[in-house]
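# Structural overview for review
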Amino acid sequence: MRKWVYTFGGGVAEGSRTEIDQLGGKGANLAEMAALGLPVPPGLTIVSDACGLYYKNEKTLCDDLKVQVLQGISGIEAATGRAFGDTSHPLLLSVRSGSRTSMPGMMDTVLNLGLNDHTVEALGHHSGDARFAWDSYRRFIQMYGDVVMGLDHEVFEEILEDEKARLGHELDTEMSAVEWQHVVKLYKDMLEQELGEPFPQDPHVQLWGAIGAVFSSWMNPRAKTYRLLHNIPEAWGTSVTVQTMVFGNLGSTSATGVAFTRNPSTGARELYGEFLVNAQGEDVVAGIRTPQSITEAARIDSGSDKPSLEKLMPEAFAEFQAICDRLESHYRDMQDLEFTIERGKLWMLQARAGKRTTKAAMKVAVDMVSEGLISEQEAVLRIEPSSLDQLLHPTIDPRVERHVIGSGLPASPGAASGAIVFTAEEAVEAENEGRKVILVRVETSPEDIHGMHAAQGILTTRGGMTSHAAVVARGMGIPCVSGAGTMRVDLRNEKLIGLGVTLTKGDIVTIDGSSGQVLKGEVPMLQPELSGDFAQLMVWADAARRMTVRTNADTPGDARAARSFGAEGIGLCRTEHMFFEGERIHVMREMILAEDEAGRRAALDKLLPMQRSDFTELFTIMHGLPVTIRMLDPPLHEFLPKSDEEIEEVANAMGLEPGFMRRRIDALHEFNPMLGHRGCRLAISYPEIAEMQARAIFEAAVAAARETGAPVVPEIMVPLVGLRSELDYVKAVIDRVATEVMGEAKLEISYLVGTMIELPRAAIRAHIIAEAAEFFSFGTNDLTQTTFGMSRDDAARFIPTYQRKGIIIQDPFVSLDFDGVGELIRIAAERGRRTRPDMKLGICGEHGGDPTSIHFCEDVGLDYVSCSPFRVPIARLSAAQAAIKARA
Ligand code: PEP
Ligand code: MG
């Protein structure tokens, strides 16, 4: 019989954290803590494979599984001295989900399970608190009715609100035992009326219902969206943890809280967390009551007059602090912990690696190296490369005056400006239209994640540092200010009321997620730079990596930014981008519209000095580092005006007849321009263009070499080659011009001529092309397009459908298709090197900045990756991680 259930508690556990794939994060870490002898309420975890089986069996639980769960429950009964369904010592359970990677708030939970009309009396008797017992029972019915029986929780809220109004109570805490008992009756009556069946009194029926509901919640729309956004495979499924209930709401000596072993915003080595006295776990995260600080230092810092846990329950605090230290050194990482104190007794409910801002992740990693907990290479592996984006976010220029209209908690760093919207839907709509917005909510819930993702920043007026908005925004790397209590949202009138101002939907605000401030209007920002822990980690990363990292840069500004981020050369300069600026486009158009070679040459003569000065600047900035310049690539009509109005305007400016212009544009029209007259085909049709570009490159190399004293070795790249004879033709032009310029300048310039591999034919014939090409650069944008036969400009229309329908998981234009495009890269690399063993191989498609694609490049043995300037640090770190993993 397959083992479906793993038990834990009382100092022993059947599983451990290494079985996270089956036990889920929650189950695995509870097992680990139990085995360490920490105070964990006894429980059991149903493995995630059972989730798949549940769906296969048309949402039923198989008998083997039920038998094993019941055996597990017997164990829990023995450990706790209570019995499930017993009317004198009832065992109450929580039933929770737990996937391999945390999916906060996406799936369902049932608490207080096992309560019924009889066990509630026993709970009241044993706790000596009938009010607590009836309150727990009504909470259970409410949760179970919603999660398992499918009734909207609003209907319960309505009954409760009516009852409170009738009794003249404002707060739940004013309700007495008898009053809760009456609410229970109203709930049960309503359930029976709505669903035609009574609320289940049999605890076993309750248990199977709750387990099934947690499995079912794996497929709820929220969870599906979350998985799509985080690339979590559906096939993983969720595990289910069934655990003894402990109560943080048993009066003033009980409490519940969450804590991080280090500060999750800054990474500082200080216990950081919040708790509520006399509350259940969900109350802390829900942000309904304002939580208190765990440590005295944090309380003083926040200026709160509510006592800290340290002061209020010193013994439980001391035990908790010792457990934090123990878990940190055990896991060798910062932990995120949930705990409950039941009448003075501490219980650990969850441990997991704490989510943290990138800044904090870096500090924790660097500190842990100096504390001797981890090695430098482990530190490098601890940082998620794509999360560096967070640090590459702009910050508010400290020199500008701030018009502060509110403030809250600095929940997720970085600053962002945008127009106010009040709903997730509006944020998504704005993103689709390319507008920047700040999503303003009282508090966010899992239903809002779509909109949170679409917004530049998030502002909430309620909730703490561990509220949904804060946790999710940090995970997404989006700036967030949470709990801005000085501001008020008036949803009905779509207004945000701040200090002395009332803003309306569409008004621009800036949020500073690093300070918690909310500012009026758009504010000047500063671009980020590498320093401190970031710089230290990059030093370790650079020491560990094999591949070099270059940048795709077309302008001096790009090149400078890339250098400051550590680029080690230019892997792709798309020369056509230089032709779009100012005056140049006119000259370019002149060249394209010319009717013969003489006309083209006249225009090219004007373009030459412009290109030469651009290249000189690039070579000078790169100061001896390699610079790869690509010959003109796009179809020529891209440079021409499109609408009638534009045509008329441009024709007038150029002193041409609009009719003539239209005829030339028509003549250049192509049905399939991406597969048309572009790439090296242009240089073959119009060699004078290649000639001009080659001359500009060599003359610039001479000038820069003289100016900087550093040798310049241009790497000239011919695009869209499929045949060796194409490359031969263009290379001959380049070589001829090189000889001419060197003769004129009386200076020897070394240079390389290579090709992009962008066509399947080029990949397959790489050994032949390598006879002429001195290097290959994989143009994986086109190579993906030509391998799939999917237009890169149109794929966005159907790729999301493919993803939704599970036909592909990743967009192949974002993350390399290892099996198809990757196979072609392998073939080309291997065949190219067979002909020319020392051949330099690189990648310059968008994939050059994508972490998983970079791992592939390491695996294939490429020499470098090239990516946009802001991705350079991401690529440096990814390349280091790939090299470390390859050596392991
Ligand atoms: C490519 O095709 O991958 C490439 C880098 O060139 P471009 O994107 O300019 O076509
Ligand atoms: Mg290309």
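Note that the coordinates shown come from a computational prediction; the quantities given were computed from them, not determined experimentally.

Of regular secondary structure, the protein possesses 34 helices and 32 strands. In terms of C-alpha radius of gyration, the protein reaches 32 Å, essentially the compact-globule figure of 29 Å for 888 residues. By its C-alpha atoms, the protein is 100 × 60 × 55 Å across when sized along the principal axes. When burial is assessed residue by residue, the protein has 56% of its 888 residues classed as buried. Averaging the positions of the 89 positive and the 124 negative side-chain charges in the protein gives two centres separated by 3 Å.

This part takes up the coordination of the magnesium ion (ligand 2). In this structure, E758 (OE) and D782 (OD) serve as the protein donors to the magnesium ion (ligand 2), at separations of 2.0 Å. Of this pair, E758 sits in the loop between β29 (752-757) and α28 (760-764) while D782 sits in helix α30 (residues 780-788), and the two are 24 residues apart along the sequence. Summarising the burial analysis for this pair, E758 and D782 share the class buried.

On to the site of ligand 1. Contacts to ligand 1 come from 14 residues, most closely from R574, E758, G779, N781 and R792. A distance of 3.3 Å separates an oxygen atom of ligand 1 from a polar backbone atom of G779. R792 has a polar side-chain atom sitting 2.7 Å from an oxygen atom of ligand 1. Top contributing element to the shell around ligand 1 by residue count: α30, with three residues.

All right, on to the pairing of β29 then. Across the six residues of β29, five count as buried, placing the element largely inside the fold. Relative to β29, strand β28 (residues 714-718) runs parallel, the two being bridged by four bridges. Each residue of the ladder has a partner; that of E715, found in β29, is L752. Once you follow β28 into helix α27 (residues 724-745) and on to β29, the crossover reads as right-handed. Bridge count for β29 against strand β30 (residues 775-778) is three bridges, and the pairing is parallel. In the strand pairing of β30, T755 is matched with F776.

So, about the sheet that holds strand β18 (residues 480-482). Strand order in this open sheet of eight strands is β13-β23-β22-β15-β16-β17-β18-β14, and the pairing throughout is mixed. This sheet does not close on itself; its edge strands, each paired only once, are β13 (404-407) and β14 (409-412). Between one strand axis and the next, the sheet turns by 35° as a mean value, whatever way the strands run. With five bridges joining them, strand β15 (residues 415-421) and strand β22 (residues 508-512) adopt antiparallel strand pairing. Within β22, the position partnered with S417 by the bridge is T510.

Close contact between helix α3 (residues 63-80) and helix α8 (residues 203-217) brings their axes to 12 Å; oriented N to C, the two are set at 120°. Compared by their axis directions, α3 and α8 come out oblique. Relative to α8, the crossing made by α3 is right-handed. Taken together, the residues of α8 that come into contact with α3 (itself represented by K66, V69, L70 and I73) are H204, L207, W208 and I211.

Glancing now at the UniProt feature "domain: Pyruvate phosphate dikinase AMP/ATP-binding" (unreviewed entry) in the protein. When the UniProt feature table is mapped onto this chain numbering, "domain: Pyruvate phosphate dikinase AMP/ATP-binding" (unreviewed entry) sits at residues 68-296 and 310-370. Helix makes up 56% of residues 310-370 and strand makes up 28%, while its end C-alpha atoms are separated by 28 Å.

Next up on the list: helix α16 (residues 424-432). For α16, the full list of buried residues reads A424, E426, A427 and A430. The arc that holds every buried residue of α16, seen down its axis, measures 160°, which confines them to one face. Exposed and oriented more than 90 degrees from the buried face of α16 are E425 and N432. Where α16 is buried, its residues meet β15, β16 (437-441) and α17 (449-454). Directly beyond the C-terminal end of α16, a positive phi value near 75° is found at G434.

To continue, consider the sheet that holds β29. Ordered by their spatial adjacency, eight strands build a closed barrel running β25-β26-β27-β28-β29-β30-β31-β32, and the pairing between neighbours is parallel. Strand-to-strand twist across the sheet, computed as the mean angle between neighbouring axes with direction ignored, equals 25°. In this sheet, strand β31 (residues 840-843) lies alongside β30 in parallel orientation, the contact comprising four bridges. Counterpart to F776 in the pairing with β31 is L841. Contacts from α27 reach β28 and β29, with the element oriented near 150° to β29.

As assigned here, the protein comprises domain 1 (255-356), domain 2 (393-526) and domain 3 (545-635 + 670-887). Here domain 1 and domain 2 have C-alpha centroids that lie 27 Å from each other.

Under the criterion given, the structure shown has 12 aromatic pairs. Ring geometry for F132 and F247: centres 4.9 Å apart, planes at 85°, overall edge-to-face. Of this pair, F132 sits in helix α5 (residues 130-147) while F247 sits in the loop between β6 (239-244) and β7 (255-260), and the two are 115 residues apart along the sequence. Ring plane angle 55° and centroid distance 6.0 Å describe the contact between F798 and Y802, whose orientation is recorded as tilted. Positioned above the aromatic ring of W4, the side-chain terminus of R2 is 4.8 Å from the ring centre. A cation sits over an aromatic face here: K3 above Y6, 4.8 Å from the ring centre.

Right, let's talk about the packing of helix α22 (residues 597-622) against helix α26 (residues 687-708) for a bit. Between α22 and α26, whose axes approach to 7 Å, the crossing angle comes to 30°. The angle between α22 and α26 places the two elements in the roughly parallel class. Taken as a pair, α22 and α26 cross one another with a handedness that is right-handed. Of the residues contributing to the contact of α22 with α26, the split by class is 13 nonpolar, five polar and nine charged.

Taking 1.5 Å per residue, 13 residues should reach 18 Å; helix α19 (residues 532-544) reaches 19 Å between its end C-alpha atoms and fits that length. Taken residue by residue, α19 has F534, L537, M538, W540, A541 and A544 as its buried positions. Each buried residue of α19 sits inside an arc of 165° when the element is viewed along its axis, so together they form one side. Of the exposed residues in α19, the ones pointing more than 90 degrees away from its buried face are G532, V539 and A543. For α19, the secondary structure elements touched by its buried residues are α14 (358-370), α15 (376-382) and α34 (872-887).

Here we come to the pairing of strand β27 (residues 627-630). Side-chain direction in a regular strand flips from residue to residue, so the side chains alternate between the two faces of the sheet. Burial along β27 is two-sided: the residues V627 and I629 and T628 and R630 are all buried. Pairing between strand β26 (residues 570-574) and β27: three bridges, direction parallel. Its bridge partner lying in β27, C573 is registered against I629. Pairing between β27 and β28: four bridges, direction parallel. The partner of R630 across the bridge, within β28, is M717.

Let us now look at the pattern of salt bridges. Enumeration according to the criterion identifies 60 salt bridges in this entry. The residue D135 makes a salt bridge to R139 at a minimum N-O spacing of 3.5 Å. Of this pair, D135 and R139 both sit in helix α5, four residues apart, which is roughly one turn of the helix. A salt bridge links R356 to D333, with the nearest nitrogen and oxygen atoms 2.9 Å apart. Here the residue R356 occupies a position in the loop between β11 (345-353) and α14, and D333 occupies one in the loop between α13 (314-331) and β10 (335-342), the gap between them amounting to 23 residues. Judged by relative accessible area, which is 12%, D333 ranks as buried. The structure contains a network of salt bridges with shared partners spanning E597, R601, R612, E691, R695, E699, R736, E740 and E744.

Conventions used here
Residues numbered from 1 in each chain as written. Chains lettered and ligands numbered in written order. Predicted model: local features only at pLDDT ≥ 70, side-chain atom pairs only at ≥ 80, totals over all residues. Heavy atoms only, no water. Helix = DSSP H or I, 4+ residues; strand = E, 2+ residues; numbered from the N terminus. Rg over C-alpha atoms; globule rule 2.2 N^0.38 Å. Buried < 20%, exposed > 50% of the residue type's maximum accessible area, 1.4 Å probe, protein only. Lys, Arg positive; Asp, Glu negative; His and termini not counted. Charge placed at Lys NZ, Arg CZ, Asp CG, Glu CD. Donors = N, O, S within 2.8 Å, 3.2 Å for Na, K, Ca; no water. Near = heavy atom within 4 Å. Polar contact = N/O pair within 3.5 Å; in protein donor to acceptor, adjacent residues only side chain to side chain. Pairing = 2+ DSSP bridges. Right-handed = clockwise from strand over helix to strand, strands pointing away. Axes fitted to C-alpha atoms, helices over the stretch in contact; angles between N-to-C directions. Parallel < 35°, antiparallel > 145°, perpendicular 65-115°, else oblique. Left-handed = near helix turned anticlockwise from the far one by under 90°. Contact = heavy atoms within 4.5 Å. UniProt positions renumbered as here; feature names shortened; annotations may be inferred. Arc of directions from axis to C-beta. Domains from an automatic or database assignment. Phe/Tyr/Trp six-rings, centres within 6.5 Å; stacked < 30°, edge-to-face > 60°. Lys NZ or Arg CZ within 6 Å of the ring centre and 35° of its normal. Nonpolar A, V, L, I, M, F, W, Y, C, P; charged D, E, K, R; others polar. Expected span 1.5 Å × (residues − 1). Salt bridge = Lys/Arg side-chain N within 4 Å of Asp/Glu carboxyl O.

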